[in-house]
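The residues making up each chain are set out below.
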Amino acid sequence: MNIHEYQGKEILAKYGVRIQRGIVAESPESAVTAYKEIAKMTDSTFAVIKSQIHAGGRGKGQIVGMEQHGVQLVKSAEATKTAATNLLRNVLVTHQTGPEGKVVNKVLIAEDVYYPGDSEPKEFYISILLDRTKGCNVIMASTEGGMDIEEVAENTPELIFKEWIDPRVGLQGFQARKVANKLGLSGLANKEMVKFIFSLYKAYESSDAAMFEINPVLKTSDNKILAVDAKVDLDDNALYRHPELLALRDKAEEDPMEVEASESDLNYVKLDGNVGCMVNGAGLAMATMDIIKLYGGEPANFLDVGGSANAVTVEAGFRIILKDPNVKAIFVNIFGGIVRCDRVATGIVEAYKSIGEIPVPIVVRLQGTNAEEGAAIINESGLKVFSAVKLKEAAELIQKVLK
Ligand code: GDP
Ligand code: MN
């Protein structure tokens, strides 16, 4: 689960990480109020307004149809109001949002942490994430902060330093010092960076996160080290242990169809093709998408209806698939192991009738326990449903009905 920058920073602050402070606003008026508060707090007229969306690259990103970036330095209440008006309810496109962009519903009014006259503010990159290959957490750090880290990884990978953490002993002092040294820091800045890394690691571990990415980490001329940005991904499977983190979920940032699917306990991921898929089991769902492609089709989605493919889950699955206007055919691929194929077939027929007319052809492939009985139920139902027993047959049928 992704969360917003301001929420990530709140977690960081709780664990003692120094952050760029800010106040969230959802209207131009409250943005102005927030600006005045920040100005009073910092005794400065400089502040930054930052779009809160679940995507990075906001600084370089642009609001559609406007000369407005997703992050902007503001020096007055009027400038704040103008920027907030430009940003809120409008679509921000960054290299991470895709061309369709994301609607900005909230902005963060933050203190300007880049001191005027600071001749050498230094921006670093630091992230902590799970290295699945090595089975442990890794700290990634680079002197090339503030930039697109994918670009650094592509062009100058030697400038990204990695330190792996042994899960049996956790982060050790020498490791945090090694990172600080690699970043070229000495004296007080080095000490502050070591503290920063320890607090960041604690925040990551304590919230069962999958990633904390801080880009940039800023070193000011008076050797303060602080998090200017926070991109946080929390491990979905651990959220049951953190109700306070689960409460940070912002459904407005998620694909509405994926939200609806998760409410029906379906595992749905929208894709770009025209063949809707409904499958029981994630592995079979992957194989189904592969075979659709192999026969020249394009899957419209990944959908795992789970172990109990009954009339209720099948109906919910059909409804979600049919919301996608690109879908021209549906491929139902169920393996009857514990669940019997005749039961699934009855479920499909019931779901079909309860939805009414399904406007696209459906190919059903039932395999496993009582597969033949299942196929008979489908064939005798009188519905516009084609049945197949072999996967290959089903994939060929899909191509035929698409023509
Ligand atoms: P991202 O583009 O989505 O990664 O958003 P960031 O939070 O990283 O902000 C983008 C850029 O805005 C940063 O790399 C900084 O250069 C700049 N920025 C952020 N905060 C401040 C600030 O307090 N003062 C100034 N002058 N620039 C800032
Ligand atoms: Mn950033």
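Residues numbered from 1 in each chain as written. Chains lettered and ligands numbered in written order. Predicted model: local features only at pLDDT ≥ 70, side-chain atom pairs only at ≥ 80, totals over all residues. Heavy atoms only, no water.

> Explanation requested: the site of ligand 1 in the structure shown.
Of all residues adjacent to ligand 1, which total 18 residues, the nearest are Q20, K50, R58, G59 and D112. At the level of elements, β3 (47–52), β5 (71–74) and β12 (209–219) are the ones that each hand at least two residues to the shell around ligand 1. Considered class by class, the residues forming the shell around ligand 1 number seven nonpolar, five polar and six charged. (Near = heavy atom within 4 Å. Helix = DSSP H or I, 4+ residues; strand = E, 2+ residues; numbered from the N terminus. Nonpolar A, V, L, I, M, F, W, Y, C, P; charged D, E, K, R; others polar.)

> Is there a simple way to explain the sheet that holds strand β6 (residues 91–93) in this structure?
Strand pairing in a sheet relies on backbone hydrogen bonds. The paired strands run either parallel or antiparallel. Here three strands make up an open sheet; going across it, the order is β4-β6-β7 and the pairing antiparallel. Where the open sheet ends on each side, the last strands, each with one partner, are β4 (62–63) and β7 (102–103). As defined by bridge partners, β4 adjoins β6 across two bridges and the pair is classed as antiparallel. By the bridge assignment for β6, Q62 is matched with V93. (Pairing = 2+ DSSP bridges.)

> Where do I start with the pattern of salt bridges in this structure?
Pairs can form between side chains of opposite charge whenever their charged atoms are close. In the structure shown here, the tally under the stated rule is 19 salt bridges. Put simply, E111 and R21 hold a salt bridge, and the shortest N to O gap is 3.0 Å. Of this pair, E111 sits in strand β8 (residues 106–111) while R21 sits in the loop between α1 (5–14) and β2 (22–25); the two residues are 90 residues apart in sequence, bridging distant segments of the chain. For D166, the salt bridge is made with R168, and the minimal N-O distance between the two is 2.9 Å. Taken together, the shared-partner salt bridges in this structure form one network comprising E5, K9, K50, R58 and D229. (Salt bridge = Lys/Arg side-chain N within 4 Å of Asp/Glu carboxyl O.)

> Please explain the UniProt feature "binding site: substrate" (unreviewed entry) in the chain as it appears in this structure.
Per the UniProt record, "binding site: substrate" (unreviewed entry) is found at N280, G337, I338 and V339. The greatest C-alpha distance among the annotated residues, which extend across 60 residues, is 11.3 Å, indicating that they converge on a single site. By the secondary structure assignment, N280 is in the loop between β16 (275–279) and α9 (282–294). When neighbours within four sequence positions are excluded, N280 is seen to be in contact with D304, V305, G306, N333, I334, F335 and V339. A distance of 2.9 Å separates a polar atom in the side chain of N280 from the backbone oxygen of F335. Along the chain, G337 turns up in the loop between β18 (329–336) and α11 (341–355). (UniProt positions renumbered as here; feature names shortened; annotations may be inferred. Contact = heavy atoms within 4.5 Å. Polar contact = N/O pair within 3.5 Å; in protein donor to acceptor, adjacent residues only side chain to side chain.)

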